[in-house]
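Here is how the chains run, residue by residue.
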Amino acid sequence: MTDLRSDTRDTAAAGRAPDAPGRAPEYVRAIAPYVGGKPIDELARELRLDPLSIVKLASNENPRGPGPRVREAVAAAAAELPRYPDGNGYALKHALAARHARSMDEIVLGNGSNDVLELVAQAFLRPGDETVYSRHAFIVYPLATQARGARGIEVPAHRYGHDLDAMRAAITPKTRIVFVANPNNPTGTWLAAGAIEAFVASIPRDVVVVVDEAYDDYLDPPQRSPAIGWIGRYPHLVVTRTFSKAFGLAGLRVGYGVMDRAVAGLLNRVRQPFNVNALAQAAALAALADTGYVEESRRINREGMRSLEEGFAALGLEWLASRGNFVLVRVGDAMRVYQALLERGVIVRPVANYGLPEWLRVTVGVPAENARFLTALGEALAAARGSADG
Ligand SMILES: Cc1ncc(COP(=O)(O)O)c(C=O)c1O
């Protein structure tokens, strides 16, 4: 990718006008582009591997994918492809309103919950405004902030998690949005509902508080967040959820936010008219109805997490206890170990861009994937040590 941060075409000094890229706002050119998990097909091409032999545990997807009822719903919805989708997402919002005991006009659908995070930034940020988020928090918060010319205030973490008191203290009259990921990606840290509600209650009402609950469905029922139920009390609260994780629909891109209807009205003004496609709406609707499938995914995740933790312990590695479907493990020279894993057909995620250069983030897979990863990890650590010695 072209690095536009030091774009030599921005050359007023050289006596000629900059071309189009040089005219983009400086704050856009300064963005370090998002780097996702390496796609399976890319690694297959590079190493001439059979894509089916590759294990990808790099993007916190549900390794089971969607259930059979969802697949049927998607196949049926394919008949509607010539038409635009329902731009208001009536059926899906209706089902979500019933699920959360809220009204439809408090719900905004998104092309993934990432879209909803972007919509909040688009609706509330002007150049010069500020947002507040934690160190090691989900990287879309700084990206969405920078894209509007706003300034992100990154608050030091407390044991890799959010320090809510310090985040509150970082708010200034310029602050428009505070982002809290619970559980957080990539650290897997989590805060109980009482702490989150006390935080929301303590934030000035002219600052939007986004509580990002992308991984809430992986929590055990007693820990599941009640935050959507607080919407009536807190007009500055936005809660985001997704179908990409426990529901297994990452490829379709569908998520949502629940918020005061006045805030929803603002987000609807700036969103694309058809931001959630027809297949995604049909799939999400079917996925919501299939509660047993998510329950089973949660059980498989819990058991997979346990086997990864046992594997890390056997290898003498440190890891961070995680409430999500992923876990951070400390491997030393993480880029070297990442490469050695790639050579063994296993894709995980380096997290140096989150300020964690010694760690790898591993998504919990199905049992065979976890076993394959742990074997490859043992080999990769030995190979990385060998090449460091040699
Ligand atoms: C904390 C968090 N929030 C939001 C998202 C966005 O997910 P999606 O856009 O697929 O809903 C992710 C994805 O990894 C995430 O980890």
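Residues numbered from 1 in each chain as written. Predicted model: local features only at pLDDT ≥ 70, side-chain atom pairs only at ≥ 80, totals over all residues. Heavy atoms only, no water.

As a further point, take the overall build of the protein chain. Within the protein chain, the regular secondary structure consists of 14 helices and 13 strands. In terms of overall dimensions, the protein chain is globule-like: its C-alpha atoms have a radius of gyration of 22 Å, near the 21 Å expected for 390 residues. Principal-axis analysis of the C-alpha atoms places the extent of the protein chain at approximately 65 × 60 × 50 Å. Excluding contacts between residues fewer than 6 apart, the proportion of contacts in the protein chain whose partners are at least 24 apart in sequence is 72%. Carbon and sulfur atoms make up 54% of the accessible area of the protein chain, which amounts to about 17,400 Å² in all. (Helix = DSSP H or I, 4+ residues; strand = E, 2+ residues; numbered from the N terminus. Rg over C-alpha atoms; globule rule 2.2 N^0.38 Å. Contact = heavy atoms within 4.5 Å. Areas by Shrake-Rupley, 256 points an atom, 1.4 Å probe, with all protein chains shown as cover.)

For the rest of this paragraph, the subject is the site of the ligand. Around the ligand, the structure places Gly112, Ser113, Asn114, Phe138, Asn185, Asp212, Ala214, Tyr215, Thr242, Ser244, Lys245 and Arg253. One of the side-chain nitrogen or oxygen atoms of Asn185 is found 2.7 Å away from an oxygen atom of the ligand. When the free accessible area of the ligand is taken as 390 Å², the share hidden by the protein chains comes to 93%. A per-class count over the shell around the ligand returns 3 nonpolar, 6 polar and 3 charged. (Near = heavy atom within 4 Å. Polar contact = N/O pair within 3.5 Å; in protein donor to acceptor, adjacent residues only side chain to side chain. Nonpolar A, V, L, I, M, F, W, Y, C, P; charged D, E, K, R; others polar.)

Once that is clear, we can look at the sheet that holds strand E5 (residues 175-181). Ordered in space as E2-E8-E7-E6-E5-E3-E4, the 7 strands form an open sheet in which the pairing is mixed. Every other strand in the sheet has two partners, leaving strand E2 (107-110) and strand E4 (151-155) as the edge strands with one partner each. This sheet shows a mean twist of 20° between the axes of neighbouring strands, independent of strand direction. Pairing analysis gives 5 bridges linking strand E7 (residues 237-242) to strand E8 (residues 255-259), with the strands arranged antiparallel. Note that in E8 the partner of Thr240 across the bridge is Gly257. Strands E2, E5, strand E6 (208-212), E7 and E8 of the sheet are contacted by helix H6 (residues 113-124), whose axis makes an angle of about 155° with E7. Across the sheet, helix H9 (residues 193-202) is in contact with E5, E6 and E7; its angle to E6 comes to roughly 160°. (Pairing = 2+ DSSP bridges. Axes fitted to C-alpha atoms, helices over the stretch in contact; angles between N-to-C directions.)

Moving on, we get to the pairing of E8. Consecutive side chains along a regular strand alternate between the two faces of the sheet. Most of E8 is tucked away: 5 of the 5 residues are buried. By the alternation rule, side chains of E8 split into Gly255, Gly257 and Met259 and Tyr256 and Val258, which are all buried. Across 4 bridges, E2 lies against E8 in antiparallel orientation. Looking across to E8, one finds that Gly110 is bridged to Gly255. (Buried < 20%, exposed > 50% of the residue type's maximum accessible area, 1.4 Å probe, protein only.)

With that out of the way, let us pick up the pattern of salt bridges. Going through the model one piece at a time under the given rule, you end up with 23 salt bridges. Put simply, Glu303 and Arg299 hold a salt bridge, and the shortest N to O gap is 2.9 Å. With Glu303 and Arg299 both in helix H12 (residues 291-314) and 4 residues apart, this pair spans about one turn of that helix. Since its relative accessible area comes to 31%, Arg299 is described here as partly exposed. One salt-bridge network, in which partners are shared between bridges, spans Lys38, Glu42 and Glu46. (Salt bridge = Lys/Arg side-chain N within 4 Å of Asp/Glu carboxyl O.)

The subject of this paragraph is the packing of aromatic side chains. Each aromatic ring pair is described using two quantities: the centre-to-centre distance and the angle formed by the ring planes. By the definition in use, this model includes 9 aromatic pairs. Ring centres of Tyr160 and Trp359 lie 5.5 Å apart, and the angle between their planes is 70°; on these two criteria the pair is classed as edge-to-face. With Tyr160 in the loop between E4 and helix H8 (164-169) and Trp359 in strand E13 (residues 356-363), the pair connects residues that are 199 residues apart, well separated along the chain. By relative accessible area, Tyr160 is classed as partly exposed at 24%. Here Trp359 falls in the buried class, since its relative accessible area comes to 2%. (Phe/Tyr/Trp six-rings, centres within 6.5 Å; stacked < 30°, edge-to-face > 60°.)

Further remarks concern the domain arrangement of the protein chain. Looking at the assigned domains, one finds that the protein chain contains domain 1 (12-64 + 293-389) and domain 2 (68-290). Facing 32 residues of domain 1, the contacting portion of domain 2 comprises 35 residues. For the pair domain 1 and domain 2, the two sides together bury roughly 2,800 Å², of which 60% comes from carbon and sulfur. Ranking the residues of domain 1 by area buried against domain 2 places Arg298, Arg323 and Tyr354 at the top, with a combined share of 26%. The tally of links between domain 1 and domain 2 comes to 1 salt bridge. The residue Asp220 makes a salt bridge to Arg302 at a minimum N-O spacing of 2.7 Å. (Domains from an automatic or database assignment. Buried area = accessible area lost by both parts, 1.4 Å probe.)

Listed as buried for helix H4 (residues 68-77) are Val70, Ala73 and Ala77. Take H4 and look down its axis: the buried residues cluster within an arc of 60°, on one side only. In H4, those exposed residues whose orientation departs by more than 90 degrees from the buried face are Pro68, Glu72, Ala75 and Ala76. Taken together, the buried residues of H4 touch helix H11 (278-289). (Arc of directions from axis to C-beta.)

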